[in-house]
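Each chain is listed here by its residues.
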Amino acid sequence: QVQVVESGGGLVQPGGSLGLSCAASGSIFSTYSMAWYRQAPGEQREVVALITRDGSTNYADAAKGRVAISRGNAKNTVALQMHSLKLADTAVYYCNVVLRTGATGPVSNYWGQGTQVNVSS
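The model shown is predicted, which means the values in this text are computed figures rather than measured ones.

Quick notes on the rules
- Residues numbered from 1 in each chain as written.
- Predicted model: local features only at pLDDT ≥ 70, side-chain atom pairs only at ≥ 80, totals over all residues.
- Heavy atoms only, no water.
- Disulfide = S-S within 2.5 Å.
- Helix = DSSP H or I, 4+ residues; strand = E, 2+ residues; numbered from the N terminus.
- 1 Å grid on protein atoms, 1.4 Å probe; cavity = no way out; pocket = protein on both sides within 12 Å on 5 of 7 lines; lining within 4 Å.
- Points joined across faces, edges and corners; volume = space filled by probe spheres on them.
- Nonpolar A, V, L, I, M, F, W, Y, C, P; charged D, E, K, R; others polar.

Chemist: Hey, could you run me through the state of the cysteines in this one?
Modeler: Formally, a disulfide is one covalent bond, and it connects the sulfur atom of one cysteine to the sulfur atom of another. Tallying each qualifying case throughout the model produces one disulfide. The disulfide partner of Cys22 is Cys95, and the S-S distance across this bridge is 1.9 Å. The chirality of the disulfide connecting Cys22 with Cys95 is left-handed, given an S-S dihedral of about -85°. In this pair, Cys22 is assigned in strand S3 (residues 18-26) and Cys95 in strand S9 (residues 91-100), connecting sequence segments 73 residues apart.

Chemist: What am I meant to see in the layout of surface pockets here?
Modeler: Here the idea is plain: a probe the size of a water molecule rolls over the atoms and shows the empty space left. Put simply, the largest pocket is a space of about 260 Å³. Where the lining of the largest pocket is concerned, the elements lending two or more residues are strand S4 (30-39) and strand S5 (46-52). Broken down by element, the lining of the largest pocket gets its largest block of residues, five residues, from S4. For the lining of the largest pocket, a count of residues per class yields six nonpolar, seven polar and three charged.

Structure (structure tokens):
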């Protein structure tokens, strides 16, 4: 069993900053990547930022320059620091983890339940 839990969402004013955290736990043998996705009402879920096991990062164009993804100090954790937030950043933010649960197990995606980020005056 693998659990993925996000935290840190809330209400923030335009131009403000917010930090999100994600922790994966359970039967994790190896984590290959962790990523933040978001989904706004009426829109498809889209990737915001991704970090691989070796520390390489990728960002969506809409978020580039305004967000930073980093691995947490604890095992299987990841953070997303956001600044200069816009109204369009309002969405449910989901943590995605690509991992395998055993040395010979399959590589699978696991999702958290999401955390709401509301950017509003």
